[in-house]
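# Commentary on secondary and tertiary structure
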Amino acid sequence: MYFSVVILVLTKALVTEVCHALNVTVTPGPVVLATENDNLTLSCLVSQRKRTTSVLILHWFFSPLTAPTPVPPASLPPNSPPVLDHPQFLIVKMGLRRRKLYGNYTYRFPQPKFHLHEKTEGEVYQLRILSVTGSDQGFYSCKVQEIRKHRDIWRITSNGTSTTQMTVHFTPEDGRSEGLWLLFAAQERL
């Protein structure tokens, strides 16, 4: 009897410290079509928070559509299969004090390219991409961590990630949009 009580107490202690999944959804998705030179807004919806006293740490990342690069063999154990590395760039991070820290990827552009807006506190975070170009095609991921302070140490209590793929429709030089209508007509036939 004593042994089963000890096991129950230890199991409960271990389970309460485990990081749980946080429900994160990026819309529109899973694939979004943007028109060249238009602005696009992606929304990251965070639901099912575990504690109301916790704090959310949010990251938006970008992975281009380019082919993945193989990891150098010297960094892999012998006789292991090659691993493909998809580059991932930080666009923006919102931390403890709700400060927005734009990543190095954001500073590649001569004009502001991205803007993060918290639409509903702790629930909806919008990433606005200004003047979409072909180089913006790729995967946009919203990664969220829920943290709380326990005994003067910040700990992750739950986390979640969601990704959407953006493709860009290019308009002809003469400004006609016939190609876009043909694309929609082809999708309706499917």
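Look a little higher up for the structure.
In this text the structure is predicted, and so the values were computed from the model without any measurement.

### Here's the deal with the pairing of strand β3 (residues 31-35)
- Of the two faces of β3, the one lined by V32 and A34 is fully buried and the one lined by V31, L33 and T35 carries no buried residue.
- Two elements, β3 and strand β13 (residues 153-169), share five bridges in a ladder whose sense is parallel. The residue of β13 that forms the bridge with L33 is T167.

### A word on the sheet that holds strand β11 (residues 124-129)
- The sheet built from four strands is open, its strands ordered β2-β4-β11-β10 with antiparallel pairing. What marks the edges here is a single partner per strand, and that holds for β2 (23-27) and β10 (114-120). In this sheet, neighbouring strand axes are inclined to one another by 20 degrees on average, regardless of whether the strands run parallel or antiparallel.

### Here we look at the state of the cysteines
- A complete count under the given rule lists one disulfide for this structure.
- The disulfide that involves C44 links it to C142, with 2.0 Å between the sulfurs. Linking C44 and C142, the disulfide has an S-S dihedral of approximately -80 degrees and is accordingly described as left-handed. Separated by 98 residues along the polypeptide, C44 in strand β4 (residues 40-47) and C142 in strand β12 (residues 138-150) bring together distant segments of the chain.

### Regarding unusual backbone geometry
- For the peptide bond that leads from T27 to P28, omega is -10 degrees, which places it in the cis range.
- By the element assignment, P28 lies in the loop between β2 and β3.
- The peptide bond linking G29 to P30 adopts the cis configuration, its omega dihedral lying at 10 degrees.
- Notably, N37 is not glycine yet its phi reads approximately 75 degrees, a positive angle.

### A look at the packing of aromatic side chains
- Under the definition given, this model contains six aromatic pairs.
- Both rings, one in F109 and one in F114, keep their centres 5.9 Å apart while their planes meet at 75 degrees; by these two values the pair is edge-to-face.
- Residue classification places F114 among the buried residues on the basis of a relative accessible area of 6%.
- Of the aromatic side chains, those joined through ring pairs into one cluster are F62, F89, Y105, F109, F114 and Y140.
- Residue placement shows K143 over the ring face of F61; its charged tip is 5.1 Å from the ring centre.

### Quick word on the environment of V55
- Secondary-structure assignment places V55 in strand β5 (residues 55-64).
- V55 sits in the buried class, given a relative accessible area of 17%.
- For the pair V55 and Q145, spaced 90 residues apart in the sequence, the C-alpha separation amounts to 8.2 Å.

### Description of the pairing of β10
- Looking at chain direction, β10 and β11 are connected through six bridges and run antiparallel. Bridging from a neighbouring strand, T120 pairs with V124 of β11.
- In textbook terms, the turn of a hairpin is the stretch between consecutive antiparallel strands, and for β10 and β11 this stretch comprises three residues, one of which, G122, has a positive phi near 75 degrees.

### Let's talk about the environment of V31
- As for its placement among the helices and strands, V31 is situated in strand β3.
- Exposure remark for V31: the relative accessible area of 52% places this residue in the exposed category.
- Sequence-wise, V31 and T167 are 136 residues apart; in three dimensions their C-alpha atoms are separated by 7.5 Å.
- Look past the residues within four positions of V31 in its chain and what remains in contact with it is T164 and Q165.

Parameters and conventions
Residues numbered from 1 in each chain as written. Predicted model: local features only at pLDDT ≥ 70, side-chain atom pairs only at ≥ 80, totals over all residues. Heavy atoms only, no water. Buried < 20%, exposed > 50% of the residue type's maximum accessible area, 1.4 Å probe, protein only. Helix = DSSP H or I, 4+ residues; strand = E, 2+ residues; numbered from the N terminus. Pairing = 2+ DSSP bridges. Axes fitted to C-alpha atoms, helices over the stretch in contact; angles between N-to-C directions. Disulfide = S-S within 2.5 Å. Phe/Tyr/Trp six-rings, centres within 6.5 Å; stacked < 30°, edge-to-face > 60°. Lys NZ or Arg CZ within 6 Å of the ring centre and 35° of its normal. Contact = heavy atoms within 4.5 Å.

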